[in-house]
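Residues per chain, in single letters:
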Amino acid sequence: MSRTSTNAYRACDLESRRSITSRRNDSRDPEPNRLRDSYPPVQRNVSLNNPLAYTHYMPNSISLFNDIVKQIPKFDGTPYKLDLFSIAVEEAVEQLPLYERRIMRALESKLVGKAERMAGRLASYRRASELLRDLRDKFVNKQVADKLALNLGNATQPVDVDARQFGSDVRSLYEDAIAAYSQAPDINAIEREAAIYSLQNSVTDSFLLGLSEPLQLQVRLKIPSV
């Protein structure tokens, strides 16, 4: 082989090595990795028709995300509303699992009234299930349920409240007590069933007994001799 052809071969080989080295260095460049890591993770599409396909479980637009969050009702600490709130949050996370933390941040405007203080603690939660657990511990525990049941048993109709409004108030107390006993995490199944059964059998008596004293007072006012 002549010196000229040998030099040409070496030059070609050197250029080839440089190309390989350049590609290796490019593969080690952290910038593409950072870009790759910024993409949302993907999940395997288990469709039998296309078992190798992958799909991003992402909303097509910000409006879709907002629509899903909009369906979550506000929670103000009222026991019977907690079940509806919990179901809506769980369904939102199920539909958009990759956006769970974003959904959590959106709940700040949903926690109002007695539950508003919990809004300031949202950043400390990693999962929606952790928040829902703490809400149950705080707003539907056995102590809360027992207090609601006691208030229901002692309910009396104020003089300036008509019977229809009083009936609505009694119903609200009853629904809250039932919801609290149903969801309370610190009540066993037997206690839960017994408490709910007792409420169901006593709610009408609570209403009627609550009516009696104000009615007697009105009778005395109208007929002093009675």
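Residue numbers here run from 1 along each chain, matching the order of that chain's written sequence. Local features in this predicted model are restricted to residues of pLDDT 70 or higher, and side-chain atom pairs are both shown and tallied only at a pLDDT of 80 or more, whereas totals for entire chains, interfaces and linings draw on every residue. Where side-chain values are given, they derive from all heavy atoms of the structure, hydrogens and water being excluded.

Draft legend 1. The arrangement of helix α8 (residues 142–153) in detail. Over its 12 residues, α8 extends 16 Å from the first C-alpha to the last, a length consistent with the 16 Å expected when each residue adds 1.5 Å. The buried label applies to any residue whose accessible area, calculated with a 1.4 Å probe on protein chains only, is under 20% of its type's maximum; exposed applies above 50%, and partly exposed to all values in between. In this description a helix means any DSSP run of H or I spanning at least four residues, a strand means any run of E spanning at least two, and both kinds are numbered starting from the N terminus. Every buried residue of α8 is accounted for by Ala 145, Leu 148 and Leu 152. One face of α8 carries all of its buried residues, which in axial projection span an arc of 65°. For α8, the exposed residues lying more than 90 degrees away from the buried face are Gln 143, Lys 147 and Leu 150. Polar contacts, as counted here, are pairs of nitrogen or oxygen atoms within 3.5 Å of one another; within protein the pair requires one atom able to donate a hydrogen and one able to accept it, and residues that are adjacent in sequence qualify only if both atoms are side-chain atoms. Of the residues flanking the start of α8, the one acting as N-cap is Asn 141, its side-chain oxygen 3.0 Å from the backbone nitrogen of Gln 143. An expected span of 1.5 Å times one less than the residue number is assigned to each helix. This arc corresponds to the set of directions leading from the helix axis out to the C-beta atoms.

Draft legend 2. Structural detail: the layout of surface pockets. Definitions used for this entry: grid spacing 1 Å over protein atoms alone; cavity, a set of points where a 1.4 Å probe fits but cannot get out; pocket, an open set with protein on both sides within 12 Å along at least 5 of 7 lines; lining residue, one with an atom within 4 Å of a point. Grid points are joined across faces, edges and corners, and a volume is the space filled by probe spheres set on the points. The calculated volume of the largest pocket comes to roughly 210 Å³. As for the largest pocket, its lining consists of Asp 76, Gly 77, Thr 78, Pro 79, Lys 114, Lys 138, Phe 139, Val 144, Lys 147, Leu 148 and Asp 176. Here the lining of the largest pocket gets 3 residues from one element, more than from any other, and that element is α8. Throughout, the ten residues Ala, Val, Leu, Ile, Met, Phe, Trp, Tyr, Cys and Pro are labelled nonpolar, Asp, Glu, Lys and Arg are labelled charged, and all others, Gly among them, are labelled polar. When the residues that make up the lining of the largest pocket are grouped by side-chain class, the tally is 4 nonpolar, 2 polar and 5 charged. The residue makeup of the lining of the largest pocket includes at least three contributed by each of domain 1 (61–126) and domain 2 (140–222). Residue ranges labeled as domains rest on an automatic or database domain assignment.

Draft legend 3. Spatial organisation of a positive patch on the surface. Patches draw on residues past 30% relative accessible area with no salt bridge. Two like charges within 9 Å are joined, as are two nonpolar side chains (Val, Leu, Ile, Met, Phe, Trp, Tyr) within 5 Å. Calculation of accessible area relied on Shrake-Rupley with a 1.4 Å probe; when residues are assessed, cover is drawn exclusively from the protein chains displayed. In the sections that follow, a salt bridge refers to a side-chain nitrogen of Lys or Arg positioned within 4 Å of a carboxyl oxygen of Asp or Glu. Two residue types count as positive, namely Lys and Arg, and two as negative, namely Asp and Glu; His and chain ends fall outside the count. Taken as the charge location is NZ of Lys, CZ of Arg, CG of Asp or CD of Glu. Together, Arg 101, Arg 102, Arg 105 and Arg 126 give the surface a local cluster of positive charge. With respect to the secondary-structure elements, Arg 126 resides in the loop between α6 (116–119) and α7 (128–139). Among the residues examined, Arg 126 registers a relative accessible area of 62% and is labelled exposed.

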